[in-house]
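Structure assessment
Okay, here's what each chain looks like letter by letter:
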Amino acid sequence: MARYWLKCMMLVVLVTHTSAYALDYVHYQLNTEIRPGEKPFLLTMLEKALEHTRPDYGDYLLNPMLTTENFPRTRLIKLVQQGELSIIWSVPNPKLEQELQAIYIPLYKGTQGFRIFLIRQNEQAKFNKISNLSQLKALIAGQGYGWSDVAVLEHNNFKVLQGNPDSLVRMLESNRFDFYPRGLHEPWKELKPDRQIKVESTIALHYPLPIYFFVSKENRRLQQRLNIGLDALFDNGEFDRLFYNHPRYKEILQKANLANRKIYKLENPTLSAQSKAILQEKKYWLDTSVIYK
């Protein structure tokens, strides 16, 4: 009888030990286009969240799956559903949120949802005079065929002219449309000596556009672990410290100078109820009143 109870106690210790030190294998996508030695910001945050939860969830092992930049999104989703990939990151939409489980914590502080404009070089004075959204809507915005911004702009009653992305700057120069909304990191790439365009300096558009981690609906453990870890990084200030000191985002925020722009807010019709619910959580979102240096 004593031997039986000894075996039971050993089994309990073994199970407890194994559970407490379970190794979480986290398979993630890594584009082959990323330069050697370059580490994506979101991968840093993934590691930080896993590390923060190590005392409660145990060790982890990150395994990259190399893919090309245009690897089909439908294939990535299927790989997560099948367990071959543990995690992807993406802008949410209702279909994706049905297929995978979102971690509802914005990973770039909502910066993906800001738009500043390319305009013709001699037309800054025209934009200086704009004092309300109706005046801006009287102009024509240029966008690429099928870009997600088209649906948002049209939903908010903007006039949009779509074109081939490679031709949009030439179309702007040729007066086909009046302004070309771009993400915060994009307009300066288009400025070249032979182009008659500039970055507009007084206006920005903003609509809520988070980027989330997504995991399989069945992978509740990783979902809970990342929710706890990421939220803790926001609460203890580490997320903001890393984000605002990251060379890429620090430069973007300095150039965009949002604190000195009129920011017109638009509605994003694709946001789910879960995403709308976190809009009130100020810790997750960029403070546009701050001058970033």
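This report concerns the structure included in the present document. Starting from 1, residues in each chain are numbered consecutively following that chain's sequence as written. The model is predicted, so local features are restricted to residues of pLDDT at least 70 and side-chain atom pairs to those at 80 or more, both for listing and for counting; the totals for chains, interfaces and linings are taken over all residues. Calculation of side-chain values draws on the structure's entire complement of heavy atoms; hydrogens and water are dropped beforehand.

Moving on, we get to the overall build of the chain. Numbered from the N terminus, helices here are DSSP runs of H or I no shorter than four residues, and strands are runs of E no shorter than two. A tally of helices and strands in the chain yields 13 helices and 12 strands. A principal-axis box enclosing the C-alpha atoms of the chain has dimensions of 90 × 40 × 35 Å. We treat Lys and Arg as the positive residues and Asp and Glu as the negative residues; His and chain ends play no part in the count. To locate a charge, take NZ of a lysine, CZ of an arginine, CG of an aspartate or CD of a glutamate. Side chains of the chain give 39 positive and 30 negative charges; the mean places of these two sets differ by 2 Å.

Strand order in the open sheet formed by 3 strands is 3-11-4, with antiparallel pairing between adjacent strands. Two strands lie at the open edges of the sheet, namely strand 3 (88-90) and strand 4 (101-103), each paired on one side alone. The average angle at which neighbouring strand axes cross in this sheet is 40°, direction not considered. Here strand 3 pairs with strand 11 (residues 212-215) via 3 bridges, running antiparallel. Pairing of Ser 90 across the sheet is with Tyr 212, part of strand 11. Pairs of residues are marked as contacts when any of their non-hydrogen atoms sit within 4.5 Å. A fitted line through C-alpha atoms serves as each axis, taken over the contacting stretch for helices, and the angle formed by two N-to-C directions is quoted from 0 to 180°. With respect to the sheet, helix 4 (residues 73-82) is in contact with strand 3 and strand 11, its orientation differing from that of strand 3 by roughly 135°. Against the sheet, helix 10 (residues 220-235) touches strand 4 and strand 11, its axis set at about 15° to strand 4. Any two strands are treated as partners once DSSP identifies two or more bridges connecting them.

Two aromatic rings, drawn from Phe, Tyr or Trp (for Trp, its six-membered ring), form a pair once their centres lie within 6.5 Å of each other, and the interplanar angle then sorts them: stacked below 30 degrees, edge-to-face above 60, tilted otherwise. Counted according to the given criterion, the structure contains 19 aromatic pairs. Seen from their ring centres, Phe 41 and Phe 243 are 5.6 Å apart, and the 65° between their planes marks the pair as edge-to-face. You can see Phe 41 sitting in helix 2 (residues 41-52) and its partner Phe 243 sitting in helix 11 (residues 238-244), a full 202 residues away along the chain. Since its relative accessible area comes to 4%, Phe 41 is described here as buried. Categorising residues by exposure relies on relative accessible area from a 1.4 Å probe, with only protein chains included: less than 20% of the type maximum marks a residue as buried, more than 50% marks it as exposed, and the intermediate range marks it as partly exposed. Residue Phe 243 is classed as buried on the basis of its relative accessible area, which comes to 1%. Grouping aromatic residues by their ring pairs yields a cluster made of Phe 41, Tyr 108, Phe 234, Phe 239, Phe 243, Tyr 244, Tyr 249, Tyr 284 and Tyr 292.

So, about unusual backbone geometry. With phi around 55°, Lys 109 is a residue other than glycine that occupies positive phi space. Turning to its location among the elements, Lys 109 is positioned in the loop between strand 4 and strand 5 (114-120).

The next point concerns the pattern of salt bridges. Salt bridges are counted wherever a side-chain nitrogen of Lys or Arg sits within 4 Å of a carboxyl oxygen of Asp or Glu. Per the stated rule, a full pass over the model turns up 20 salt bridges. Residues Lys 48 and Glu 238 are paired through a salt bridge, measuring 3.2 Å at the closest nitrogen-oxygen approach. Here Lys 48 is found in helix 2, whereas its partner Glu 238 is found in helix 11, with 190 residues between them in sequence. Overall, the relative accessible area of 31% leaves Lys 48 in the partly exposed class. One network of salt bridges, with partners in common, ties together Arg 120, Glu 123, Lys 126 and Asp 178.

With that out of the way, let us pick up the packing of helix 2 against helix 10. It is at 8 Å that the axes of helix 2 and helix 10 come closest, and there the two elements cross at 100°. The angle between the axes of helix 2 and helix 10 places the two elements in the roughly perpendicular class. Between helix 2 and helix 10, the contacting residues are Met 45, Leu 46, Lys 48, Ala 49, Leu 50 and His 52 on the first element and Leu 222, Arg 225, Leu 226, Gly 229, Leu 230, Ala 232 and Leu 233 on the second. Amino acid classes used here: Ala, Val, Leu, Ile, Met, Phe, Trp, Tyr, Cys and Pro are nonpolar; Asp, Glu, Lys and Arg are charged; the rest, including Gly, are polar. Within the contact of helix 2 with helix 10, the residues separate by chemical class into 9 nonpolar, 2 polar and 2 charged. Should an angle fall under 35 degrees it is called roughly parallel, over 145 degrees roughly antiparallel, and 65 to 115 degrees roughly perpendicular, with every other angle called oblique.

In this section: a nonpolar patch on the surface. Only residues whose relative accessible area exceeds 30% and that form no salt bridge enter a patch; like-charged residues are grouped when within 9 Å of one another, and nonpolar side chains (Val, Leu, Ile, Met, Phe, Trp, Tyr) when within 5 Å. Calculation of accessible area relied on Shrake-Rupley with a 1.4 Å probe; when residues are assessed, cover is drawn exclusively from the protein chains displayed. Among the surface-exposed residues, Leu 23, Tyr 25 and Leu 61 lie close enough to one another that they form a single nonpolar patch of about 280 Å² accessible area. Mapped onto the fold, Leu 61 is located in strand 2 (residues 60-67). Overall, the relative accessible area of 37% leaves Leu 61 in the partly exposed class.

This brings us to the environment of Gly 58. Structurally, Gly 58 can be placed in the loop between helix 3 (54-57) and strand 2. Note on Gly 58: relative accessible area 4%, which makes it buried. Sequence separation between Gly 58 and Leu 23 is 35 residues, and the spatial gap between their C-alpha atoms is 6.3 Å.

This part takes up helix 4. For helix 4, the complete set of buried residues consists of Leu 76, Ile 77, Leu 79 and Val 80. Seen end-on, helix 4 carries its buried residues on one side only, within an arc spanning 160°. In the stretch just after helix 4, Gly 83 is the one whose phi turns positive, near 85°. Note: the arc covers the axis-to-C-beta directions of the helix.

Right, let's talk about the nonpolar core for a bit. For soluble globular proteins, nonpolar side chains are generally found buried alongside one another. By nonpolar core we mean a set of buried residues, namely Ala, Val, Leu, Ile, Met, Phe, Trp, Tyr and Cys, connected to one another through side-chain atoms within 4.5 Å. In terms of nonpolar packing, the biggest core is built from 64 residues, with Phe 41, Leu 46, Leu 226 and Leu 230 touching the most fellow members. Considering each element in turn, this core owes the most residues, 7 residues, to helix 2. In this view, Leu 226 contacts Leu 46, Ala 49, Leu 50, Ile 87, Ile 103, Val 215 and Asp 231; residues no more than four positions away in its chain are not counted. Membership of the second largest hydrophobic core comes to 19 residues, among which are Phe 127, Ile 130, Val 160 and Leu 266.

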